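Results of the structural survey
Below are the chains, spelled out letter by letter.
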Amino acid sequence: MQRTFSSELVSHIDKPICVKGWLHTLRLLGKINFLILRDKEGLIQIVLEEGPELTKVNSLQVGSILTIHGKVSQSNSALGYEIIHPTIQVDVPIIEVPPIEYYKPEISSDLDFILDHRPISLRNRKIQAVFNIQGEIAHAYRLYMHDQIKACEYFGPNLLGASTEGGSEFFHVDYFGYNATLAQSSQLYKQMMVGVNERVFAIM
């Protein structure tokens, strides 16, 4: 069965589907329990009754990768839809408690601790949103420059053998035994490309 994303549940009401993602939270309330699954589009609520399917996940930590088959039903929850009568397959179980409670709305740790655990902290939805917004802005700018301005996008080098601008503050790196600096600006390459394509742009 083809995978369905959380944003597509609205078109699959009362139909069997397959969803995949990370265990986000698990609320154990007794006879009726709620598992929240996170995929790249958002969150999905799965209703779990006491039984073998609940046993598969009640000892797992957030971040465990699951494949779930079930039926989509409308819900009064904030998500609007939920999956009922699920069959759960645990693809990658996570047993250790994560160092950061990234599944909460806010991470209460200090910035140094968050940066030290960046691969984990990036899973926080608020932090994720920063990169999603950044990506959408860059995408909209690229579309505008390409479709409206009719400009040519070019890709200048990010590492240079020497600085292209004056100044004394450079970011130096070792490049296979050679000294290289991080490009401060693409101005030099933009000037050359303007003479070729007239209208050009770059996203660095």
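You'll find the structure just up there.
By convention here, each chain's residues receive numbers from 1 onward along its written sequence. Reporting of local features is limited, given that this is a predicted model, to residues whose pLDDT is at least 70; pairs of side-chain atoms are given and counted only at 80 or more, and all residues count toward the totals for whole chains, interfaces and linings. As a convention, hydrogens and water are excluded, and side-chain values are obtained from all of the structure's heavy atoms.

By definition here, a salt bridge exists when the distance from a side-chain nitrogen of Lys or Arg to a carboxyl oxygen of Asp or Glu is within 4 Å. Counting across every chain of the model gives five salt bridges. The shortest N-O distance in the salt bridge between Lys 104 and Glu 101 comes to 3.1 Å. Judged by its relative accessible area of 38%, Glu 101 falls in the partly exposed class. Between Glu 153 and Arg 142 there is a salt bridge, with its nearest N and O atoms 2.9 Å apart. Of this pair, Glu 153 sits in strand S6 (residues 152-153) while Arg 142 sits in helix H4 (residues 125-148), and the two are eleven residues apart along the sequence. Note on classification: 1.4 Å probe, protein chains only; a residue is buried when its accessible area is under 20% of the maximum for its type, exposed when over 50%, partly exposed between these limits. You can call Glu 153 partly exposed: its relative accessible area is 22%. The partly exposed category is assigned to Arg 142, whose relative accessible area is 32%. Helix numbers and strand numbers start at the N terminus; a helix is a DSSP run of H or I with at least 4 residues, a strand a run of E with at least 2.

Our next topic: the sheet that holds strand S4 (residues 65-74). Strands pair in a sheet through their backbones, by hydrogen bonds, and they do so in one of two ways: parallel or antiparallel. Only strands joined by at least two bridges in the DSSP assignment are considered to pair. What the five strands build is a closed barrel, ordered S1-S2-S3-S5-S4; its pairing is mixed. Neighbour-to-neighbour, the strand axes of this sheet turn through a mean angle of 55 degrees, independent of strand direction. Direction of pairing for strand S1 (residues 16-27) relative to S4: antiparallel, over a ladder of seven bridges. Within the sheet, the bridge partner assigned to Lys 20 lies in S4 and is Thr 67. Note on method: axes are straight lines fitted to C-alpha atoms, helices fitted across the in-contact stretch only, with angles between N-to-C directions ranging 0 to 180 degrees.

A word on the sheet that holds strand S8 (residues 172-175). Read across the open sheet, the three strands follow the order S7-S9-S8; overall the sheet is antiparallel. In this open sheet, the two edge strands, each paired with only one partner strand, are strand S7 (159-160) and S8. Here two bridges tie S7 to strand S9 (residues 178-182), and the two strands are oriented antiparallel to one another. Note that in S9 the partner of Leu 160 across the bridge is Thr 181.

With that settled, consider the pairing of strand S3 (residues 42-49). S3 sits mainly inside the fold: seven of its eight residues count as buried. Turn length for the strand S2 (residues 32-39)-S3 hairpin, with the two strands adjacent in sequence and antiparallel, is two residues. In this structure, S3 lies alongside strand S5 (residues 81-92), joined through two bridges in parallel fashion. Looking across to S5, one finds that Gln 45 is bridged to Glu 82.

Counted at 1.5 Å a residue, the expected span for H4 with its 24 residues is 34 Å, and the 33 Å between its end C-alpha atoms agrees. Lys 150 occupies a position one or two residues after H4 and carries a positive phi of about 60 degrees. Helix span, as expected, comes to 1.5 Å for every residue beyond the first.

For the rest of this paragraph, the subject is a nonpolar patch on the surface. Excluding any residue in a salt bridge, patches collect residues exceeding 30% relative accessible area, merging like charges within 9 Å and nonpolar Val, Leu, Ile, Met, Phe, Trp and Tyr side chains within 5 Å. Areas reported as accessible are Shrake-Rupley estimates using a 1.4 Å probe. Residue values count occlusion only from the protein chains shown. There is a patch of nonpolar side chains on the surface, built from Leu 159, Phe 171, Tyr 175, Phe 176, Tyr 178 and Leu 182 and spanning about 740 Å² of accessible area. Along the polypeptide, Leu 182 turns up in strand S9. Given a relative accessible area of 43%, Leu 182 falls into the partly exposed group.

Once that is clear, we can look at the packing of aromatic side chains. Any aromatic ring pair is given by two values, namely how distant the centres are and how the planes are angled relative to each other. Stacked, tilted and edge-to-face are the three classes applied to pairs of Phe, Tyr and Trp rings, where Trp contributes its six-membered ring and a pair requires centres within 6.5 Å; stacked means planes under 30 degrees apart, edge-to-face means over 60, and tilted covers the rest. The final tally for this structure, using the stated rule, is three aromatic pairs. Ring plane angle 75 degrees and centroid distance 6.0 Å describe the contact between Tyr 102 and Tyr 103, whose orientation is recorded as edge-to-face. Among the residues examined, Tyr 102 registers a relative accessible area of 2% and is labelled buried. The exposure class assigned to Tyr 103 is partly exposed, which follows from its relative accessible area of 25%. Ring geometry for Tyr 175 against Phe 176: centres 4.9 Å apart, planes inclined by 85 degrees, an arrangement best described as edge-to-face. The criterion for a charge sitting over a ring is simple: Lys NZ or Arg CZ within 6 Å of the ring centre, and within 35 degrees of the ring normal. Arg 123 extends its terminal NZ or CZ atom over the ring of Tyr 102, reaching a point 5.9 Å from the ring centre.

By themselves, these observations are geometric and do not establish any function.
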